[in-house]
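Chain by chain, the residues:
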Amino acid sequence: MSLKTRLATFDDVPQLMKLIALSVRGLSTDYYTPQQIESALKYIFGVDSQLITDGTYYVIEKDNQMVGCGGWSKRNTLYGGDQHKETEDPLLDPAKDAARIRAFFVHPDYARQGIGKHIINVCETAARDNGFTTFELGATLPGVPLYTAMGYSPVKRVDAVLADGEVLGILKMQKQG
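Source: prediction; values computed, not measured.

## Thoughts on the pattern of salt bridges
And then number 1: Counted according to the given criterion, the structure contains 11 salt bridges.
And then number 2: Two residues, Lys 4 and Glu 61, come together in a salt bridge whose shortest N-O distance is 3.8 Å. Remark: Glu 61 occurs in strand S2 (residues 57–62) and Lys 4 occurs in strand S1 (residues 4–7); sequence separation between them is 57 residues.
And then number 3: For Glu 61, a relative accessible area of 12% translates into the label buried.
And then number 4: The closest approach of N and O atoms between Arg 102 and Asp 48, which form a salt bridge, is 2.9 Å. Note that Arg 102 is positioned in strand S4 (residues 99–106) and Asp 48 in the loop between helix H2 (34–43) and helix H3 (49–54), a separation of 54 residues in sequence.
And then number 5: Three or more residues are tied together by salt bridges with common partners; here these are Lys 4, Arg 6, Asp 12 and Glu 61.

Listed below in structure tokens is the structure:
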């Protein structure tokens, strides 16, 4: 499979939002209720514009179609789009903090074809190039098998209680680089 990887731009945001919704609705149904999925799309899942500003969010294309996205962060937020944050994130110290692996979404028609692994490899390499040696993420339940296969270990549950009372299962995971 020939994949094109590039940094996301603010012009990509409308298409990213569509991809995120397709991914969550298409790949989460075995793990979350319809109410949890819609609530998560409203309150958590979305584009984190800080990742685009920082130049750490990637778009994956196949045949000129956006099939995946994901990034890494040198900031404190573990998960969530703009609607989940209130202020700009403080910077992490690569000497003592773990880089955050963030906001991975794959188009359901392209799931389990290596796109998630590709994005993780791109992100981990970029984070290493910026001095990080440990990686951390907030895995939604559908992502846990991929992250486990990529060497991440569970640290603890960090379930999110959403504004409407729904609870979204999230597992904090970590990997030594």
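## Details of the environment of Arg 6
And then number 1: Checked against the element boundaries, Arg 6 lands in strand S1.
And then number 2: Considering only alpha carbons, one finds Arg 6 and Leu 137, 131 residues apart in sequence, at a separation of 21 Å.
And then number 3: The contact partners of Arg 6, leaving out residues within four places of it in the chain, are Asp 12, Tyr 57, Tyr 58, Val 59, Glu 61 and Met 66.

## Comments concerning the sheet that holds strand S3 (residues 65–73)
And then number 1: Across the sheet, seven strands lie side by side as S1-S2-S3-S4-S5-S9-S6; this open sheet has mixed pairing. Each having just a single partner strand, S1 and strand S6 (153–157) make up the two edges of the open sheet. Direction aside, neighbouring strands of the sheet carry axes that sit 25° apart on average.
And then number 2: The sheet contacts of helix H4 (residues 115–129) involve S1, S2, S3, S4, strand S5 (134–140) and strand S9 (170–176), and relative to S3 the element is tilted by about 35°.

## So, H2
And then number 1: For H2, every residue scored as buried is listed here: Gln 36, Ile 37, Ser 39, Ala 40 and Leu 41.
And then number 2: Taken together, the buried residues of H2 touch helix H1 (13–27) and strand S8 (167–168).

## Some details on the side chain of Asp 54
And then number 1: Turning to its location among the elements, Asp 54 is positioned in helix H3.
And then number 2: Contacts of Asp 54, omitting those with residues within four sequence positions, involve Lys 74 and Arg 75.

## Thoughts on the packing of aromatic side chains
And then number 1: The full count for this structure, using the stated rule, is four aromatic pairs.
And then number 2: An angle of 80° between the planes, with centres 5.7 Å apart, marks the rings of Phe 45 and Phe 105 as edge-to-face. In this pair, Phe 45 is assigned in the loop between H2 and H3 and Phe 105 in strand S4, connecting sequence segments 60 residues apart. Phe 105 carries the same exposure label as Phe 45, and that label is buried.
And then number 3: Considering the side-chain rings of Trp 72 and Phe 132, the 5.9 Å spacing of their centres and the 70° angle between planes classify their relative orientation as edge-to-face. Placement of the pair is Trp 72 in strand S3 and Phe 132 in the loop between H4 and S5, with a sequence separation of 60 residues.
And then number 4: Residue class for Phe 132 comes out buried when judged on its relative accessible area of 2%.
And then number 5: The rings of Phe 104, Tyr 147 and Tyr 152 are connected pair by pair, giving a single aromatic cluster.

## Describing unusual backbone geometry
And then number 1: In this structure, Asp 63 takes a positive phi of about 50° despite not being glycine.
And then number 2: Tracing the sequence through the fold places Asp 63 in the loop between S2 and S3.
And then number 3: Of the residues examined, Asp 63 reaches a relative accessible area of 67% and is grouped as exposed.
And then number 4: Unusually for a residue other than glycine, Arg 112 sits at a positive phi of about 60°.
And then number 5: Turning to its location among the elements, Arg 112 is positioned in the loop between S4 and H4.

So, how was this worked out
Residues numbered from 1 in each chain as written. Predicted model: local features only at pLDDT ≥ 70, side-chain atom pairs only at ≥ 80, totals over all residues. Heavy atoms only, no water. Salt bridge = Lys/Arg side-chain N within 4 Å of Asp/Glu carboxyl O. Helix = DSSP H or I, 4+ residues; strand = E, 2+ residues; numbered from the N terminus. Buried < 20%, exposed > 50% of the residue type's maximum accessible area, 1.4 Å probe, protein only. Contact = heavy atoms within 4.5 Å. Pairing = 2+ DSSP bridges. Axes fitted to C-alpha atoms, helices over the stretch in contact; angles between N-to-C directions. Phe/Tyr/Trp six-rings, centres within 6.5 Å; stacked < 30°, edge-to-face > 60°.

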